[in-house]
Amino acid sequence: MGSKVRLIPWLHGVLSELHFDTALDAFTGSGAVAYLLKAMGKQVTANDFLNFSATIGRAIVENPDGTLSARDVERLQRYDPRHPHFIERTFRGIFYRPEDLRFLDRVWWNLRSLPKYRRALALAALIRSCVKRQPRGVFTVSGDLDNYDDGRRDLRLTLREHFAEQVAAYNACVFSNGRPNRALHGDVFAINPAGFDLVYLDPPYVPRADDNCYMKRYHFLEGLSRYWRGVDIMPETRVRKIRKPYTPFSYRKESLPAFERLFGQFRQSIIVLSYSSNGYPDLAVLVDLMRRHKSKVIVHERTHRYHFGTHDAVERSLVQEYLIVGQ
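Since we're looking at a predicted model, the values are computed, not measured.

Further remarks concern the pairing of strand β2 (residues 43–48). Counting buried residues in β2 gives 5 out of 6 residues, a clear majority hidden from the surface. Of the strand pairs in this sheet, strand β1 (residues 22–25) and β2 are connected by 4 bridges, and their pairing is parallel. Across the sheet, the residue bridging to A23 is V44, located in β2. As a crossover connection, the stretch from β1 through helix α2 (residues 32–39) into β2 is right-handed.

Okay, here's the thing in structure tokens:
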């Protein structure tokens with residue numbers, strides 16, 4: 001939801017015209033933009049308030065050289081009678097088949113033996129495997145997987161088979177750009193703003209309809225990234241949701257002050273705000289807010305169609321995507 005993967009060439013064109021060496025991707029999400037910045041040779045800090053996003057950032061942005069060998073993958077899948085069965089017990093009949101749930105418990109137990117970056121890479125591959133195996137890629141509904149089987153290969157593969165493919169995919173992403181990159185898990189407002197030539201901001205949009213709750217859609221991935229330690233599971237919910245953390249970007253009354261606070265916090269850096277015409281507030285309001293802190297504000301615009309959760313014919317899936325650059 002909200003991934004900028006398909007906009008990367010456009011983003012690269014805009015960012016290439018700016019002069020900067022160090023960058024912060026403050027709401028890194030899928031890690032696509034932080035990874036682009038790393039590929040551009042910048043010193044990158046990727047941050048997100050969701051742990052599973054920070055884990056992906058650690059695997060492909062901070063990680064300079066850690067990859068998983070065939071022996072690592074084999075060891076991760078070994079049976080150990082001591083391993084816990086939390087996922088199998090908690091999500092039986094909700095997500096995935098029993099053998100898939102047991103696979104997740106087993107791999108998590110064996111992750112303990114891996115060093116930092118290989119562990120992050122394995123978790124990233126596990127997270128991506130779960131997304132591909134889950135119908136529609138979100139975790140808001142439960143039910144028999146067979147009811148959703150539309151013939152797609154992703155729904156026919158087991159999690160074990162997905163994992164083997166995703167390990168190979170993530171291994172291929174690992175490289176060093178010669179810079180000390182970082183991945184953080186925390187509140188954007190707690191970040192020290194010093195030292196960033198450019199700050200890329202892609203906060204959750206307050207939508208005109210529905211909601212922008214990433215936790216509601218991806219709670220299983222958030223729990224998986226930490227084996228549900230330190231989260232508040234809501235047992236009364238059918239899909240065992242995690243109580244969502246607070247963010248002012250979820251509420252209309254709080255989003256405007258939050259944007260102004262962000263712009264003020266990073267006023268010493270070039271600010272690049274990614275935004276969409278289907279979000280609140282309107283473009284003119286955001287430009288006005290940024291101009292309070294930046295003498296030069298330029299808006300780059302292009303048409304974009306989101307395919308997440310909508311049919312191509314749905315009019316609201318076609319939006320104007322903006323990059324608001326303040327210098």
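It is worth spelling out unusual backbone geometry at this point. Looking along the chain, the bond that leaves Y280 and enters P281 is cis, with omega of 5 degrees. Mapped onto the elements of the fold, P281 is located in the loop between β7 (279–280) and α12 (283–291). Unusually for a residue other than glycine, W228 sits at a positive phi of about 60 degrees. Mapped onto the elements of the fold, W228 is located in the loop between α10 (214–226) and α11 (252–265). You will see that R240, though not glycine, has its phi angle at about 60 degrees, which is positive. Structurally, R240 is set in the loop between α10 and α11.

Quick look at the packing of aromatic side chains now. Applying the stated criterion across every chain yields a total of 23 aromatic pairs. Ring geometry for F86 versus W228: centroids 5.5 Å apart, planes at 45 degrees, classification tilted. Residue F86 is found in helix α5 (residues 86–90), and its partner W228 is found in the loop between α10 and α11; the two are separated by 142 residues along the sequence. A residue is classified by how much of its surface remains accessible, and F86, at 22% relative accessible area, is partly exposed. Residue classification places W228 among the buried residues on the basis of a relative accessible area of 6%. Ring centres of F189 and F249 lie 6.4 Å apart, and the angle between their planes is 10 degrees; this geometry places the pair in the stacked category. Taken as a pair, F189 in the loop between β3 (182–185) and β4 (198–201) and F249 in the loop between α10 and α11 lie far apart in primary sequence, 60 residues in all. Under the relative-accessibility criterion, F189 is labelled buried at 15%. Ring pairs connect the aromatic residues F86, F91, F95, Y96, W108, F139, F220, Y227 and W228, which therefore count as one cluster. Sitting over the ring of F20, K42 keeps its end group 4.4 Å from the ring centre.

This part covers the side chain of N51. Turning to its location among the elements, N51 is positioned in helix α3 (residues 51–62). A distance of 2.9 Å separates the side chain of N51 from the side chain of S225, its partner in a polar contact. Setting aside residues no more than four positions away along its own chain, N51 makes contact with H185, E222, S225 and R226.

All right, on to the pairing of β4 then. Side chains L198 and Y200 of β4 all project onto a buried face; the interleaved residues V199 and L201 project onto the opposite face, where all are buried too. Where β1 and β4 come together, 3 bridges link them in parallel fashion. When the sheet's bridge partners are listed, L24 is paired in β4 with V199. With 4 bridges joining them, β4 and strand β6 (residues 270–276) adopt parallel strand pairing. Note that in β6 the partner of L198 across the bridge is I270.

What counts, and where the lines are drawn
Residues numbered from 1 in each chain as written. Predicted model: local features only at pLDDT ≥ 70, side-chain atom pairs only at ≥ 80, totals over all residues. Heavy atoms only, no water. Buried < 20%, exposed > 50% of the residue type's maximum accessible area, 1.4 Å probe, protein only. Helix = DSSP H or I, 4+ residues; strand = E, 2+ residues; numbered from the N terminus. Pairing = 2+ DSSP bridges. Right-handed = clockwise from strand over helix to strand, strands pointing away. Phe/Tyr/Trp six-rings, centres within 6.5 Å; stacked < 30°, edge-to-face > 60°. Lys NZ or Arg CZ within 6 Å of the ring centre and 35° of its normal. Polar contact = N/O pair within 3.5 Å; in protein donor to acceptor, adjacent residues only side chain to side chain. Contact = heavy atoms within 4.5 Å.

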